[in-house]
Amino acid sequence: MENNVVLTMRDISKTFPGVKALQHVDFTLRKGEIHALMGENGAGKSTLIKSLLGEIPLQAGEIQVGGNSLTEMKRKRMPYYRRKLGVVFQEFRLLDDRNVFENVALAQQVIGVDKDRIEKNVRGMLQLVGLQDRADVYPRELSGGEQQRVAIARAMVNRPSVLLADEPTGNLDPQNSWDIMALLEDMNRLGTTVM
């Protein structure tokens, strides 16, 4: 694998009963790139991302991320693999019983980062996404655009090499959509590969 290649899909296919979700997909993503995968509803975009996360097994093909073959990976290694990926979903997936700070901090707590480092990293990420003054607010008190910013902060706080965004602007108005796309470009300028 080339040094600057962070993700490769070779001839991947996935079929659900009566639906060919992915057919012979080939794709290479290099360090520092930003790509938009576009298609109609039902075209297989979410299936592709779930395949990259190891949530959906493939029927054919191979996926490699950061030199790791997802196809051959044992289940017990999956959590370590997923640490290299940041994921942002259309539905935000924030925990309603935790405030903004706690939602972002959770990504660091699950990998055992010490409390002082969590404080520093989360505060820095909230500053980066423009929510430093909203750390104590709960998701229900935020606009859709703010909730997506929290989701991006959570996905980025562990500094993943790849950020996967599954329709990150699907639930947002046009202005918030532009703001989120600009934020993803900012993350890319910081060195994260974005799809």
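Look a little higher up for the structure.
The following refers to the structure shown. For clarity, every value in this text was computed on a predicted model and none was experimentally measured.

Criteria and cut-off values
By convention here, each chain's residues receive numbers from 1 onward along its written sequence. A pLDDT threshold of at least 70 governs which residues receive local features in this predicted model, and a stricter bar of 80 or more applies before side-chain atom pairs are shown or counted, although totals over entire chains, interfaces and linings include all residues. The side-chain numbers reported here are obtained from all heavy atoms of the structure, hydrogens and water having been left aside. Between Lys or Arg on one side and Asp or Glu on the other, a salt bridge is scored when a side-chain nitrogen of the former is within 4 Å of a carboxyl oxygen of the latter. Secondary structure follows DSSP: runs of H or I at least 4 residues long count as helices, runs of E at least 2 residues long count as strands, and numbering of each begins at the N terminus. Three exposure classes are used, based on accessible area relative to the maximum for each residue type with a 1.4 Å probe and protein chains only: buried under 20%, partly exposed in between, and exposed over 50%. By definition, residues are in contact when any of their heavy atoms lie within 4.5 Å. Between N-to-C directions, angles cover 0 to 180 degrees, with each direction set by a line fitted to C-alpha atoms, over the stretch in contact for helices. Each angle is binned into one of four classes, with values under 35 degrees roughly parallel, values over 145 roughly antiparallel, values of 65 to 115 roughly perpendicular, and all other values oblique. Helix crossings fall into two classes, left-handed where the near helix is turned counterclockwise from the far one by less than a right angle and right-handed where it is turned clockwise. Amino acids outside the nonpolar list (Ala, Val, Leu, Ile, Met, Phe, Trp, Tyr, Cys, Pro) and the charged list (Asp, Glu, Lys, Arg) are all regarded as polar, and Gly is one of them. Think of it this way: a Phe, Tyr or Trp ring, Trp meaning its six-membered ring, pairs with another when their centres are within 6.5 Å, and the plane angle makes it stacked under 30 degrees, edge-to-face over 60, tilted otherwise. Any Lys NZ or Arg CZ found within 6 Å of a ring centre and within 35 degrees of that ring's normal is scored as a charge over the ring. By this definition, two strands are paired if DSSP reports at least two bridges between them.

**Brief notes about the pattern of salt bridges**
Then, in step 1: Across all of its chains, the model carries 5 salt bridges by this definition.
Then, in step 2: The shortest N-O distance in the salt bridge between R10 and E62 comes to 3.2 Å. Of the two residues, R10 sits in strand 1 (residues 5-16) while E62 sits in strand 3 (residues 60-65), which places them 52 residues apart along the sequence.
Then, in step 3: Residue class for R10 comes out partly exposed when judged on its relative accessible area of 39%.

**Quick word on the environment of L163**
Then, in step 1: Checked against the element boundaries, L163 lands in strand 6 (residues 162-166).
Then, in step 2: Excluding its chain neighbours within four sequence positions, the residues that come into contact with L163 are G86, V87, V88, A155, M156, L184, T192, T193, V194 and M195.

**Some words on the packing of helix 3 (residues 100-109) against helix 5 (residues 144-156)**
Then, in step 1: Following both chains from N to C, one finds helix 3 and helix 5 inclined at 30°, their axes separated by 7 Å at the closest point. When the interaxial angle is binned, helix 3 and helix 5 end up roughly parallel. Crossing handedness for the pair helix 3 and helix 5: right-handed. Counted together, V100, N103, V104 and A107 of helix 3 and V150, A153 and R154 of helix 5 form the full contact between these two elements.
Then, in step 2: Grouping the amino acids of the contact of helix 3 with helix 5 by side-chain chemistry returns 5 nonpolar, 1 polar and 1 charged.

**Observations concerning the packing of aromatic side chains**
Then, in step 1: The tally for this structure, following the rule as stated, stands at 0 aromatic pairs.
Then, in step 2: The positively charged end of R93 is found above the aromatic ring belonging to F89, 3.6 Å away from the centroid.

**What to know about the sheet that holds strand 5 (residues 85-89)**
For sheets, the rule is that strands pair by backbone hydrogen bonds, running either parallel or antiparallel.
Then, in step 1: Here we have 3 strands laid out as an open sheet, ordered 5-6-7, and parallel in their pairing. Across the chains shown, the open sheet's two edge strands, defined by having one partner strand only, are strand 5 and strand 7 (193-194).
Then, in step 2: Two elements, strand 5 and strand 6, share 5 bridges in a ladder whose sense is parallel. Of the residues in strand 6, the one forming a bridge with L85 is V162.
Then, in step 3: Packed onto the sheet, helix 1 (residues 45-52) meets strand 5 and strand 6 and runs at close to 145° relative to strand 6.

**Considering the environment of L128**
Then, in step 1: Relative to the helices and strands, L128 is located in helix 4 (residues 115-128).
Then, in step 2: Each C-alpha atom, one on L128 and one on S161, is 17 Å from the other, the two residues being 33 residues apart in sequence.
Then, in step 3: Contacts of L128, omitting those with residues within four sequence positions, involve L183, M187 and L190.

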